[in-house]
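Okay, here's what each chain looks like letter by letter:
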Amino acid sequence: MTGLSSVLSLKALRAAINHPEHGWKTTHFWGPVANWGLVAAAVYDATNKGPEVISLPMTSSLCIYSALFMGFAWRVQPRNYLLLSCHAFNEAAQLYQLSRGYAYQQELKARGE
């Protein structure tokens, strides 16, 4: 990396951090970053826990929550693509969990438990 490109990349990083609308010092950045924890928890549960721990009402609530916030992230100006992406991934993860939980509940009903 040359001296000039190093200076330019440092300026670009500083501009990203200090951007007044969606920089690293705003809630437009930290809100979505914190919401990635919901995605991580759903993926962890899907890979390490059985369907018996899935709460259908809570998972349904998380699906509705993420769907609503995807709409908000799209409508807010400036558009918050980081928030949109985190809720899109959370929606997918929660829908997968919901399908696992529902299939498990149906299996229990079929066995008469």
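Above this note sits the structure.
Rules and cut-offs
- Residues numbered from 1 in each chain as written.
- Predicted model: local features only at pLDDT ≥ 70, side-chain atom pairs only at ≥ 80, totals over all residues.
- Heavy atoms only, no water.
- Helix = DSSP H or I, 4+ residues; strand = E, 2+ residues; numbered from the N terminus.
- Buried < 20%, exposed > 50% of the residue type's maximum accessible area, 1.4 Å probe, protein only.
- Phe/Tyr/Trp six-rings, centres within 6.5 Å; stacked < 30°, edge-to-face > 60°.
- Salt bridge = Lys/Arg side-chain N within 4 Å of Asp/Glu carboxyl O.
- Patch = residues over 30% accessible without salt bridge, like charges linked within 9 Å, V, L, I, M, F, W, Y side chains within 5 Å.
- Areas by Shrake-Rupley, 256 points an atom, 1.4 Å probe, with all protein chains shown as cover.
- Expected span 1.5 Å × (residues − 1).
- Arc of directions from axis to C-beta.
- Contact = heavy atoms within 4.5 Å.
- Axes fitted to C-alpha atoms, helices over the stretch in contact; angles between N-to-C directions.
- Parallel < 35°, antiparallel > 145°, perpendicular 65-115°, else oblique.
- Left-handed = near helix turned anticlockwise from the far one by under 90°.
- Nonpolar A, V, L, I, M, F, W, Y, C, P; charged D, E, K, R; others polar.

Engineer: Would you take a moment to explain the environment of Leu-68 for this structure?
Structural biologist: Relative to the elements of secondary structure, Leu-68 occurs in helix α3 (residues 56-75). Here Leu-68 falls in the exposed class, since its relative accessible area comes to 60%.

Engineer: Hey, could you run me through the packing of aromatic side chains in this one?
Structural biologist: What characterises a pair of aromatic rings is the spacing of the ring centres plus the angle enclosed by the ring planes. A complete count under the given rule lists four aromatic pairs for this structure. Between Trp-36 and Phe-89, the ring centres sit 5.5 Å apart and the planes meet at 45 degrees, which makes this aromatic pair tilted. Here Trp-36, found in helix α2 (residues 27-48), pairs with Phe-89, found in helix α4 (residues 81-111); they are 53 residues apart in sequence, far enough to count as distant. Taking the relative accessible area as the measure of exposure, Trp-36 reaches 29% and is therefore partly exposed. Between Tyr-65 and Phe-69 the ring centres are 5.0 Å apart and the planes differ by 50 degrees, which places this aromatic pair in the tilted class.

Engineer: What am I meant to see in the pattern of salt bridges here?
Structural biologist: Where side chains of opposite charge bring their charged atoms close, a pairing between them can arise. Counted under the stated rule, the structure contains two salt bridges. Between Lys-49 and Asp-45 there is a salt bridge; the shortest N-O distance is 3.7 Å. The partly exposed category is assigned to Lys-49, whose relative accessible area is 39%. We classify Asp-45 as partly exposed; its relative accessible area is 23%. Of the charged contacts in the structure, one is a salt bridge between Arg-111 and Glu-107, with a shortest N-O distance of 3.7 Å. Here Arg-111 and its partner Glu-107 are both found in helix α4, four residues apart, which amounts to about one turn of the helix.

Engineer: Please clarify how a nonpolar patch on the surface should be interpreted in this entry.
Structural biologist: A cluster of nonpolar residues, Ile-64, Leu-68, Phe-69 and Phe-72, forms a patch on the protein surface that exposes about 410 Å² of accessible area. Relative to the assigned elements, Phe-72 resides in helix α3.

Engineer: Can you walk me through α2 in this structure?
Structural biologist: Each turn of an α-helix holds 3.6 residues, which means side chains three or four residues apart point in the same direction. Here α2 contains 22 residues, and its C-alpha end-to-end distance of 32 Å stays within 8% of the 32 Å for a straight helix at 1.5 Å per residue. Every buried residue of α2 is listed here: Phe-29, Pro-32, Asn-35, Val-39 and Ala-42. An end-on view of α2 places all buried positions within 140 degrees of arc, on one side of the element. Summarising the geometry of α2, the exposed residues directed more than 90 degrees from the buried face are Thr-27, Trp-30 and Ala-34. Considering only its buried residues, α2 is in contact with α3 and α4.

Engineer: What is the right way to read the packing of α3 against α4 from this model?
Structural biologist: Two measures define how a pair of helices packs: the angle their axes make with one another and the distance between the axes. Between α3 and α4, whose axes approach to 8 Å, the crossing angle comes to 155 degrees. Classed by the angle they form, the pair α3 and α4 counts as roughly antiparallel. Two packed elements cross with a definite hand, and for α3 against α4 that hand is left-handed. Taken together, the residues of the contact of α3 with α4 sort by class into 17 nonpolar, nine polar and one charged.

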